[in-house]
Amino acid sequence: MKVEKAKGKLGILIPGMGAVGTTLIAGICAINREMALPIGSLTQMGRIRLGKRTEDNKPLIKDLVDLHPVKDIVFGGWDVFEDNVFESAFHADVLDKKLLEDLRPELEAIRPMKAVFDKSYAKRLNGTHVKERNTKMELAEALMQDIETFKEQNNCDRLVMIWCGSTEIYIEEGPVHETIESLEDGLRNNHKDIPPSMIYTYAAVKLGIPYANGAPNLSCDIPAIIELAKQTGSPIAGKDFKTGQTLMKTILAPGLKCRALGISGWFSTNILGNRDGEVLDDPDNFKTKEVSKLGVLEEILEPSLNQELYKDLYHKVRINYYPPRGDNKEGWDNIDIFGWLNYPMQIKIDFLCKDSILAAPLALDLVLFLDLAKRAGMSGIQEWLSFYLKSPQAPQGVTPINDIFKQQIKLENTLRYIAGEDLITHLGQDY
Ligand SMILES: NC(=O)c1ccc[n+]([C@@H]2O[C@H](COP(=O)([O-])OP(=O)(O)OC[C@H]3O[C@@H](n4cnc5c(N)ncnc54)[C@H](O)[C@@H]3O)[C@@H](O)[C@H]2O)c1
């Protein structure tokens, strides 16, 4: 496959410079200064097997495909708060204060542009650093202007946009999302089913910029944007970073299923106290997250095909806003399973995680792989990046894959394909 070289500077544009966005930016600064390692990032530390097992050839992924070097990245973005990245990271309270002080000049230099925002889509947010225009289309045009100016001022060769903004209220796909024309009409007429995140998406994809969506908002998961992405040659990937509890779920559920163990109940609850938790405390915003989190078990376990094992499975997901914990989320899972002759058993998971520490490397990988896809001439939904996503987009007519091991096979084989290497099928004794 012919891939253009990763030259010059890559601009990463982030709508929403909160906990995840600033942990990504500060992390890259620290890594570039050799103060820390990019743990959790496959593009930086992961290896991939090539050829037969007997050949023992496992290069780093970044040595197999031409990924943009992290030292040549520049960051920009938008937020509804005026805080620069240092202030926002300080407030998010994810990273050590000493580390942030060491990186202060670099972080202070990155200031968010005025956001496209409407409080009715995230009621708990009170930001004032917001653009004012008459129509949603004018807001999209203002974003496109911001993007062009950023590219020129920072002398970027290419750009990628990644949504790290808040989860918006639940919106179902409707007629306005169907075609490029209906979406553009809706933008001109301020249609209520076009939330701010979709305006950013439209602006990026219209300009041919790869776009990833780290939140469960519809955003690029509508026919109009998928079509536009094909027209403008933009690779897209959504939605919702697969980090804590859902990561565990999509690791464990395939394991139970492959041993034909039954599951009667899966209760998942979380406490977290960051701004994300505060926004999700509103029932309309939680609904968006709930839908994103609930889908995975159904697809992995296929209860309609495996009725005796999963048809009665009761799946419940809760998120509780609990300020004392900040970004240090705790996710509990109680899993009621049954085995041979219906004998019941239980599994308990207590994952004391750091939400943004898990999300930042995913954001980096998504950005670098989308940039690779763009240079390889790939456009539209990049299903091979489902590996990173809680509610992955799939082409029309097929069910998305949530099983992390199947997602990993697809990711690795796509990388082999891009690099012109043989795909690994695991057939034959040498494989
Ligand atoms: N941290 C994780 O592990 C994780 C996992 C999956 C998904 N997510 C999602 O990623 C997103 C970011 O998470 P976070 O922890 O950084 O949240 P956060 O609240 O710290 O940051 C979100 C930022 O987005 C800004 N924002 C909201 N609407 C905006 C708009 N229209 N334009 C520009 N900025 C806007 C907010 O002001 C805030 O600073 C959330 O939607 C969250 O649900 C996070």
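Described below are features of the structure shown in this document. Quick caveat, the model's predicted, so the values are computed rather than measured. (Residues numbered from 1 in each chain as written. Predicted model: local features only at pLDDT ≥ 70, side-chain atom pairs only at ≥ 80, totals over all residues.)

1. A short note on the overall build of the protein
And step 1. A count of helices and strands for the protein gives 16 helices and 11 strands.
And step 2. Over its C-alpha trace the protein gives a radius of gyration of 21 Å, about what one expects of a compact globule, namely 22 Å for 431 residues.
And step 3. Considering only C-alpha atoms, the protein reaches an extent of 65 × 50 × 50 Å along its principal axes. (Helix = DSSP H or I, 4+ residues; strand = E, 2+ residues; numbered from the N terminus. Rg over C-alpha atoms; globule rule 2.2 N^0.38 Å.)

2. Things to note about the site of the ligand
And step 1. In the region of the ligand, 36 residues are neighbours, and Gly16, Gly18, Ala19, Ala215 and Arg275 sit closest.
And step 2. Listing elements by their share of the shell around the ligand, those giving two or more residues are helix H1 (19-32), strand E2 (73-79), helix H12 (275-280) and helix H15 (355-375).
And step 3. At 4 residues, the largest contribution of residues to the shell around the ligand is made by H15.
And step 4. For the shell around the ligand, the residue count by class is 20 nonpolar, 11 polar and 5 charged.
And step 5. No fewer than three residues from each of domain 1 (10-241 + 357-419) and domain 2 (245-352) sit in the shell around the ligand. (Near = placed C-beta within 6 Å. Nonpolar A, V, L, I, M, F, W, Y, C, P; charged D, E, K, R; others polar. Domains from an automatic or database assignment.)

3. Let's talk about the environment of Val279
And step 1. By secondary structure assignment, the location of Val279 is in helix H12.
And step 2. When residues no more than four places from it in sequence are discounted, the contact partners of Val279 are Ala122, Arg124, Leu125, Ser166, Thr167 and Asn285. (Contact = placed C-beta atoms within 7 Å.)

4. So, the packing of helix H7 (residues 136-153) against helix H9 (residues 196-206)
And step 1. In the contact formed by H7 and H9, the axes pass within 9 Å of each other and the chain directions differ by 50°. Put simply, H7 runs oblique to H9. Viewed along their axes, H7 and H9 form a crossing whose handedness is right-handed. Contacts between H7 and H9 pair Lys136, Leu139, Ala140, Leu143, Met144 and Ile147 from the former with Ile199, Tyr200, Tyr202, Ala203 and Lys206 from the latter.
And step 2. Among the residues forming the contact of H7 with H9, the class breakdown is 9 nonpolar, no polar and 2 charged. (Axes fitted to C-alpha atoms, helices over the stretch in contact; angles between N-to-C directions. Parallel < 35°, antiparallel > 145°, perpendicular 65-115°, else oblique. Left-handed = near helix turned anticlockwise from the far one by under 90°.)

5. Quick word on the pairing of E2
And step 1. Counting buried residues in E2 gives 6 out of 7 residues, a clear majority hidden from the surface.
And step 2. Both strand E1 (residues 10-15) and E2 contribute to a ladder of 6 bridges, which runs parallel. Bridge pairing links Ile14 to Gly77 in E2.
And step 3. Relative to strand E3 (residues 113-114), E2 is paired through 2 bridges, and the arrangement is parallel. Note on E3: the bridge partner recorded for Asp79 is Lys114. (Buried ≥ 20, exposed ≤ 12 C-beta atoms within 10 Å, placed from the backbone. Pairing = 2+ DSSP bridges.)

6. With respect to the environment of Asp221
And step 1. Mapped onto the fold, Asp221 is located in the loop between strand E5 (211-213) and helix H10 (223-232).
And step 2. Here Asp221 falls in the buried class, since 23 other C-beta atoms lie within 10 Å of it.
And step 3. Those residues within four positions of Asp221 in sequence are excluded, and the remaining contacts are Gly238, Lys239 and Gln393.

7. Description of the sheet that holds E2
Remark on secondary structure: sheet strands pair via backbone hydrogen bonds, oriented parallel or antiparallel.
And step 1. Read across the sheet, 7 strands follow the order E3-E2-E1-E4-E5-E6-E11 without closing on themselves; strand pairing throughout is parallel. This sheet does not close on itself; its edge strands, each paired only once, are E3 and strand E11 (380-381).
And step 2. Pairing geometry for strand E4 (residues 158-163) and E5, over 3 bridges, is parallel. Considered in E5, the bridge of Trp163 is made with Asn213.

8. Overview of the sheet that holds strand E10 (residues 344-352)
And step 1. Pairing within the open sheet is mixed, and its 4 strands lie in the order E8-E7-E9-E10. Single-partner strands in this sheet number two, and they are strand E8 (314-321) and E10. Across the sheet, the mean angle separating the axes of adjacent strands is 10° when strand polarity is ignored.
And step 2. Relative to E10, strand E9 (residues 330-338) is paired through 9 bridges, and the arrangement is antiparallel. By the bridge assignment for E10, Asp333 is matched with Ile349.

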